[in-house]
Amino acid sequence: ARTSGNPKSWLHLAGVRRTAGDPEGALRALDEALALAPDSEEFRFARADVLMDLARYDEIEPIAAKLQEATFARILRGRLALERGNAKEALALLGPAIEQWPTNAGARVLAARAAYELGDETRAFSELREATRQLDRGQSGRAERDFADIQRQADQIAAEQREISS
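Residues numbered from 1 in each chain as written. Predicted model: local features only at pLDDT ≥ 70, side-chain atom pairs only at ≥ 80, totals over all residues. Heavy atoms only, no water.

**A look at the packing of helix α2 (residues 23–36) against helix α3 (residues 41–53)**
Cut-off, in case you're wondering: Lines fitted to C-alpha atoms define the axes here, with helix axes fitted over just the stretch in contact, and angles between the N-to-C directions of these axes take values from 0 to 180 degrees. Numbering of helices and strands starts at the N terminus; helices are DSSP runs of H or I of at least 4 residues and strands are runs of E of at least 2. Orientation categories follow fixed angle ranges, with anything under 35 degrees roughly parallel, anything over 145 roughly antiparallel, 65 to 115 roughly perpendicular, and all other angles oblique. For any pair of crossing helices, the crossing counts as left-handed if the nearer helix is rotated counterclockwise from the farther one by less than a right angle, and right-handed if it is rotated clockwise. The criterion used for residue contact is that any of the two residues' heavy atoms lie within 4.5 Å. Only Asp, Glu, Lys and Arg are considered charged in this grouping, and only Ala, Val, Leu, Ile, Met, Phe, Trp, Tyr, Cys and Pro are considered nonpolar; every other residue, Gly among them, is considered polar.
Here α2 crosses α3 at 160 degrees, and the two axes come no closer than 10 Å. In this view, α2 runs roughly antiparallel relative to α3, as classed from their interaxial angle. Of the two elements, α2 crosses α3, and the hand of that crossing is left-handed. Where α2 approaches α3, its residues Pro23, Ala26, Leu27, Leu30, Asp31, Ala33 and Leu34 are matched on the opposing element by Phe43, Arg44, Ala46, Arg47, Val50, Leu51 and Asp53. Here the contact of α2 with α3 is built from residues that sort into ten nonpolar, no polar and four charged.

**Let's talk about the nonpolar core**
Stated formally: We call a set of buried Ala, Val, Leu, Ile, Met, Phe, Trp, Tyr and Cys residues a nonpolar core when their side-chain atoms join them within 4.5 Å. Think of it in three bands: residues with accessible area under 20% of the maximum for their type are buried, residues over 50% are exposed, and the middle band is partly exposed, with areas taken using a 1.4 Å probe on protein chains only.
Counting 47 residues, the largest nonpolar core has Ile60 and Leu76 as the members making the most contacts within it. The set of elements that each furnish at least two residues to this core consists of α1 (7–19), α2, α3, α4 (60–66), α5 (70–83), α6 (87–100), α7 (105–117) and α8 (121–136). Ranked by residue count, the leading element in this core is α7, at nine residues. In this structure Leu76 touches Phe45, Ala48, Asp49, Met52, Ile60, Ile63, Ala64 and Leu67, once residues within four positions along its chain are discounted.

All quantities given are derived from atomic positions and should not be read as evidence of function.
So, in C-alpha cells, the structure goes:
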C-alpha cells in the first residue's frame, strides 16, 4: 500500500495491522486512506473504530457527528457508550443499527456485550450466534477480526460465569 494511490489498499492494510494487534499502524494506514479519500464515510468509520481500540474516546463523537450514514454513527455511539460503562444506552443505539444493518457481525458482538452486562444472557448468546452466522455466510469484510471479537466476548462471558459460580 505504501506506493498505492488506492485508498482501499490503505484500508486493507489498516485491517491487517489491526488484526495483528497494531492499532497505531492501523491508524496511520487509515490516515493515508483518508488523505486520498477525505469524504469517505467508510474510512472515517474505520478510523473511529481504531481510535476506540486505542481508548481515544474524546475523538469519537466529533467523527460520529459528521457521519451522514446514521447506522455508522449509531454503531460508533453504541460502542462508545459500552466502553464508558453505559450498556443500556449502548443497546438502545445498537438495536436500531442492527435493524438497518443486520449482517454487521461487529455490531451484534457489541450488542451481545451490552446485553450480557445488563444481565440478559439469552440476548447476549442470541446476538453472538447471529454474528457467527453472518461470518459463516461471508457477509463481513472483516470476518477474521469480527470472529476474534466474538471469540473474545464468548470467552469473557464464560470466564465471568465461572467466577460467579465459584
